[in-house]
Amino acid sequence: PARVLAVLPFENLGGDANNAAFTAGIHDSLITRIAKIGGMTVISRTSVMAYEGARPNLKDVARALGVTHVVEGSVQRAGDRVQIQTQLIDAATDTHLWAETYDRTLEEGFATQNEIATAVARELAVRLSDQERAAFQSVPTKSAEAFEQYVLGHAAIIQSDYRRAITFLEAAGKLDPEFALAFAELSIAYTVRSDELGQENNDLRTAAR
């Protein structure tokens, strides 16, 4: 059967702007991780952002986006811990299929996202390939500080604020010099920021390489 998912914008339970950016980064990163599973189709972030801050009728969402299932959730930061609540819903019947609360440290951030993606696949009877299973057993960084800076930098990229993205992603790279994902997104930020300046910025373009 078709499994087409919409991961709706997560609710920010932290209250301030910094937590809102952190929540946005977690949400988009989770979309990317679930989309890596071959047995499912995931609607783009651009399409689901129309529902940010709203409590839509899920049957309407199913019709509008052409999805079979919806993932909803919330994020709350408390010091070096983050609580992510997620639930999987059959959009056509508005029936809850699965729900879980993850109360973890920041250094477990990527592992938690992998766990959520794997749980969604399991509940929808999607079998992971050996390559997908191996990918979900690895994490880009185990540094809590680097993870936090990366999430904020990723959020800045999706908000098209490349100046702030560079600041956060450079910090993530300094905290964990082996953090390849942070450096990959930093290269993107360097390139776009150079174009935004409207001139050939040798320093940024050299850094992007």
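Note that the structure is predicted; figures quoted are calculated from it, not measured. (Residues numbered from 1 in each chain as written. Predicted model: local features only at pLDDT ≥ 70, side-chain atom pairs only at ≥ 80, totals over all residues. Heavy atoms only, no water.)

## Details of the layout of surface pockets
- Taken as a whole, the largest pocket encloses approximately 620 Å³ of empty space.
- Elements supplying a minimum of two residues to the lining of the largest pocket: β2 (11-12), α1 (17-35), β4 (69-78) and β5 (81-90).
- Top element by residues in the lining of the largest pocket is α1. It accounts for six residues.
- Of the residues in the lining of the largest pocket, the class split is eleven nonpolar, ten polar and five charged. (1 Å grid on protein atoms, 1.4 Å probe; cavity = no way out; pocket = protein on both sides within 12 Å on 5 of 7 lines; lining within 4 Å. Points joined across faces, edges and corners; volume = space filled by probe spheres on them. Helix = DSSP H or I, 4+ residues; strand = E, 2+ residues; numbered from the N terminus. Nonpolar A, V, L, I, M, F, W, Y, C, P; charged D, E, K, R; others polar.)

## Details of the pairing of β4
- Taken across its ten residues, β4 has seven buried, putting it largely inside the fold.
- The sheet contact formed by strand β1 (residues 4-7) and β4 spans three bridges and is parallel. Bridge assignment links L5 to a residue of β4, and that residue is H69.
- As defined by bridge partners, β2 adjoins β4 across two bridges and the pair is classed as parallel. Residue pairing in the sheet places N12 in a bridge with V75 of β4.
- Across ten bridges, the pairing between β4 and β5 is antiparallel. Among the inter-strand pairings, V75 is bridged to a residue of β5, identified as I84.
- Where β4 folds back onto β5 in an antiparallel hairpin, the turn is made up of two residues, including G79, whose phi is positive at roughly 65 degrees. (Buried < 20%, exposed > 50% of the residue type's maximum accessible area, 1.4 Å probe, protein only. Pairing = 2+ DSSP bridges.)

## A few points about the nonpolar core
- By size, the foremost hydrophobic cluster in this structure holds 51 residues, and its most contacted members are F22, I34, I37, M40, V120 and Y150.
- The element contributing the most residues to this core is helix α6 (residues 144-158), with nine residues.
- Grouped together as the second largest cluster of nonpolar side chains are 13 residues, A6, A62, V67 and I89 included. (Core = buried A, V, L, I, M, F, W, Y, C linked by side-chain atoms within 4.5 Å.)

## Notes on the environment of S194
- Locating S194 in the fold gives a position in helix α8 (residues 180-196).
- For S194, a relative accessible area of 0% puts it in the buried group.
- Expressed as a C-alpha distance, the spacing of S194 and Y162, which sit 32 residues apart in the sequence, is 9.5 Å.

## Comments concerning the pattern of salt bridges
- Inspection of the entire model under this criterion finds six salt bridges.
- Ionic pairing is found between R63 and D60, a salt bridge with its closest N-O pair at 2.3 Å. Of this pair, R63 and D60 both sit in helix α3 (residues 58-65), three residues apart, which is roughly one turn of the helix.
- Classification of R63 by relative accessible area gives exposed; the value is 62%. (Salt bridge = Lys/Arg side-chain N within 4 Å of Asp/Glu carboxyl O.)

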